Amino acid sequence: MAGDIGEDLGQRVVAAVGAAFDVACTIEDAVVRPSQREGVDYQVNAAMALAKRLRRPSREVAEAIVAHLDLGDMAENVEVAGPGFINITLSTSWLGEHVARLAADPRLGYVPATSPQRVIVDYSSPNMAKEMHVGHLRSTIIGDSLVRLMEFAGHEVIRQNHIGDWGTPFGMLVEHLIDEGLAEREFSISDLNVFYQQARTKFDADEDFAERARARVVALQAADPATLELWNRLLTESKHHIEAVYELLGVRLTPDDYKGESTYQPWLNDVADELTRRGIAEDSDGALCVFIDGFTGRDDQPVPLIVRKRDGGFGYDATDLATIRYRAQDLKGDHLIYVVGAPQALHFAMIFAAARKADWVSPETTTTHVGFGSVLGEDGRMLRTRAGASLKLTDLLDEAVERAGAMVAERTDLPEEERYDIARAVGIGAVKYADLSSDREKDYVFDWDRMLAMDGNTAVYLQYALARIRSILRRADETPSLGAPVTLTERAERDLALRLARFPDAVQTTIAHLQPHRMPTYLFDLATAFSSFYENCPVLKSEGRVRESRLALAAHTAAVLERGLDLLGITAPERL
């Protein structure tokens, strides 16, 4: 049966613990991990924690677990080491048969969730009327990868793009366009960038303009026809821009996924009234606020969520409260995921706590802030242009394709259109992989040379490895059947098979921790193992069953690499 070896071993350890000690034990308690030790495939660390519960020596506990551990024909060696580590070496013949079963499975052994959830993923969230900049990169591609992983796991995924399309910025911009007689002319997204900067300068320096801009926000809220018409034109141009960026990035966001701040404006008074009626919101110096136990500032004073400001207006706190109420109550999400920068951790912790206090989010519903660090330049500061301005995301992506194009320009044997497609796959893949292969919670340095390198943990290395395998399969005079028998006689064959068998675990671990970098780590390890296999085990020059087995391993590796890259949102060109 296809599936994860680690989970299978964990279930067997759970049964052994129950038989040996008659105590409750979960798969998590079994602590089964791939081993880095020579000659050992998996390590079980259950004995140490269990020894504390049982008040017995950990090595003695480990030996009792091993005595009751039924591994059938899975293992050829099981031993207790050190203070109670259980080392397991899989049977080579069993591993070969297991890998053949995984290859025959269209899902490569990953078993979808038995109880699928409705997962709502909030990501990207650009501000309208401005070009997307590099600061939007991480949310967009991390979110897209999580969407792909959750869908592969069998969950129902609802994408939500919480675009910034409301409030004072639009009052400023609309008023500026009317002031300058620009309302009737056509404008591009680059024009809007300039207009916004001009409006911001006027707003900060001219109190009369600032008052009129605020009044324009009121007119927008009141659905004034002229204001709405101009606002809609601004949004239309902005959406054309972000859709072009999404198409270039290859992410799955569509116009149907847009849920801007404007969506929730009609509900804000109702949110405020409900929170007041239930005694959750209270007056604080003229503002309506929610105070949550445990959330205090540096001076130990309570930190508020400001539902309604002193002037009667609403801000981000109110909008985010209305948003989570909608997602939990109307969309009925089982898991609410917010892919937003790490600096917003406190804000979302408070939003989640307030929503639970209001009983909008049930105890069974999971809420997760998927935070992430910043993209830095080589100087260790936020990545910007040489002039110090925000770096436009389109400029970054265009440069990626251009740099990759220089790498494939010498491939004159390929049509120009195919060379461009390869350059796009390599360039965009390099940018996405450099981000996704980094721990999302940390900052990372944007380095063109490193991310476009042909060696090391890069998208190009994996894309090249996959292209090479495809070339081998094309040159073979036979097509290996999925699930063909696999015989593991050489060390490099066994090492490759073991890594292929760990694909289901790599997927599940990535999903469980919502950490996309775990998948690139696995894929790089797999590609490295294939390189060793290819150098030490001739494929096309071998004969008979050995050749058939090695072709099957190559085909299986190609399938896993292709699937893994797709889960990251990265395209793999057929040739490179």
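Above: the structure in question.
Criteria and cut-off values
- Each chain carries its own residue numbering, running from 1 in the direction its sequence is written.
- It should be noted that, the model being predicted, local features are given only for residues of pLDDT at least 70 and side-chain atom pairs only at 80 or more, the latter also being counted only at that level, while totals for whole chains, interfaces and linings use all residues.
- In computing side-chain values, all of the structure's heavy atoms are included and hydrogens and water are not.
- When DSSP finds two or more bridges between two strands, those strands count as paired.
- Numbering of helices and strands runs from the N terminus, with a helix taken as a DSSP run of H or I at least four residues long and a strand as a DSSP run of E at least two residues long.
- The axes are straight lines fitted to the C-alpha atoms, using for helices just the contacting stretch, and the angles between their N-to-C directions are given from 0 to 180°.
- Left-handed describes a crossing whose near helix is turned anticlockwise from the far helix through less than a right angle; right-handed describes the clockwise counterpart.
- Contacts between residues were defined by any pair of non-hydrogen atoms, one from each residue, lying within 4.5 Å.
- Any residue that is not Ala, Val, Leu, Ile, Met, Phe, Trp, Tyr, Cys, Pro, Asp, Glu, Lys or Arg is counted as polar, Gly included; the first ten are nonpolar and the last four charged.
- Note on definitions: salt bridges are taken to be side-chain nitrogens of Lys or Arg within 4 Å of carboxyl oxygens of Asp or Glu.
- To pair, rings of Phe, Tyr and Trp, with the six-membered ring standing in for Trp, must have centres within 6.5 Å; the planes then decide the type, stacked if under 30 degrees apart, edge-to-face if over 60, and tilted in the middle.
- Here the term buried applies to any residue with accessible area under 20% of the maximum for its type, exposed to any over 50%, and partly exposed to those in between, with areas from a 1.4 Å probe on protein chains only.
- Expected helix span is given by 1.5 Å per residue-to-residue step, counting one fewer step than there are residues.
- Orientation labels follow simple angle bins: below 35 degrees gives roughly parallel, above 145 gives roughly antiparallel, 65 to 115 gives roughly perpendicular, and whatever is left gives oblique.

1. A word on the sheet that holds strand S2 (residues 42–44)
In spatial order, the strands read S1-S2-S4-S3; together these 4 strands make up an open sheet with antiparallel pairing. Here the strands that pair on one side only, and so sit at the sheet edges, are strand S1 (32–34) and strand S3 (75–81). Recorded for the sheet is a direction-independent mean angle of 25° between the axes of neighbouring strands. Where S3 meets strand S4 (residues 85–90), 6 bridges bridge the pair, whose relative direction is antiparallel. From the neighbouring strand, Ala81 faces S4, where its bridge partner is Phe85.

2. Brief notes about the packing of helix H19 (residues 491–501) against helix H22 (residues 544–567)
Where H19 meets H22, the axes come as close as 11 Å, and the angle between the chain directions of the two elements is 35°. When you trace H19 past H22, the crossing you get is left-handed. Along the contact surface, H19 presents Glu493, Leu496, Ala497 and Leu500, while H22 presents Arg550, Leu553, His556, Thr557 and Val560. For the contact of H19 with H22, a count of residues per class yields 5 nonpolar, 2 polar and 2 charged.

3. Some points on the pattern of salt bridges
Pairing is possible between side chains that carry opposite charge, provided their charged atoms lie close to one another. The full count for this structure, using the stated rule, is 38 salt bridges. One salt bridge connects Glu38 with Arg491, and the closest N-O pair in it is separated by 2.9 Å. In this pair, Glu38 sits in the loop between S1 and S2 while Arg491 sits in helix H19, placing the two residues 453 residues apart along the sequence.

4. Quick look at the packing of aromatic side chains
All told, the structure shown has 13 aromatic pairs when counted by the stated rule. Ring centres of Tyr110 and Phe152 lie 5.4 Å apart, and the angle between their planes is 25°; this geometry places the pair in the stacked category. With Tyr110 in the loop between helix H5 (92–104) and strand S5 (118–122) and Phe152 in helix H6 (residues 137–152), this residue pair connects regions lying 42 residues apart in the sequence. An identical accessibility class is assigned to Tyr110 and Phe152; each is buried. Consider the rings of Phe503 and Tyr522, whose centres lie 6.2 Å apart with planes at 45°: the pair is tilted. Note that Phe503 is positioned in helix H20 (residues 503–513) and Tyr522 in helix H21 (residues 518–536), a separation of 19 residues in sequence.

5. Quick word on H21
Because an α-helix packs 3.6 residues into every turn, residues spaced three or four apart end up facing the same way. For H21, which comprises 19 residues, the first-to-last C-alpha distance of 27 Å matches the rise-based estimate of 27 Å (1.5 Å per residue) to within 8%. Those residues of H21 lying buried are Met519, Pro520, Tyr522, Leu523, Leu526, Ala527, Ala529, Phe530, Ser531 and Phe533.

6. A few points about the packing of helix H10 (residues 225–249) against helix H15 (residues 393–408)
The packing of two helices is summarised by the inter-axis angle and the distance between the axes. In contact at an axis separation of 11 Å, H10 and H15 are set at 30° when each is read in the N-to-C sense. With respect to their mutual orientation, H10 and H15 come out roughly parallel. Here the hand of the crossing between H10 and H15 comes out left-handed. Note on element contacts: H15 touches H10 through Leu393, Thr394, Leu397 and Asp398, opposite His241, Val245, Leu248 and Leu249. Of the residues belonging to the contact of H10 with H15, the class tally is 5 nonpolar, 2 polar and 1 charged.

7. With respect to the sheet that holds strand S8 (residues 287–296)
The pairing of strands in a sheet comes from backbone hydrogen bonds and takes either a parallel or an antiparallel form. Taken in spatial order, the 3 strands line up as S7-S8-S9 in an open sheet, and their pairing is antiparallel. The open sheet has two edge strands, strand S7 (281–284) and strand S9 (302–308), and neither has a second partner. Put simply, the sheet's adjacent strands are angled 50° from each other on average, direction ignored. Sheet topology note: the S8/S9 ladder contains 5 bridges and is antiparallel. Bridge pairing in S9 links Thr296 to Pro302. Here helix H14 (residues 345–357) sits on the sheet in contact with S8 and S9, set at roughly 105° to S8.

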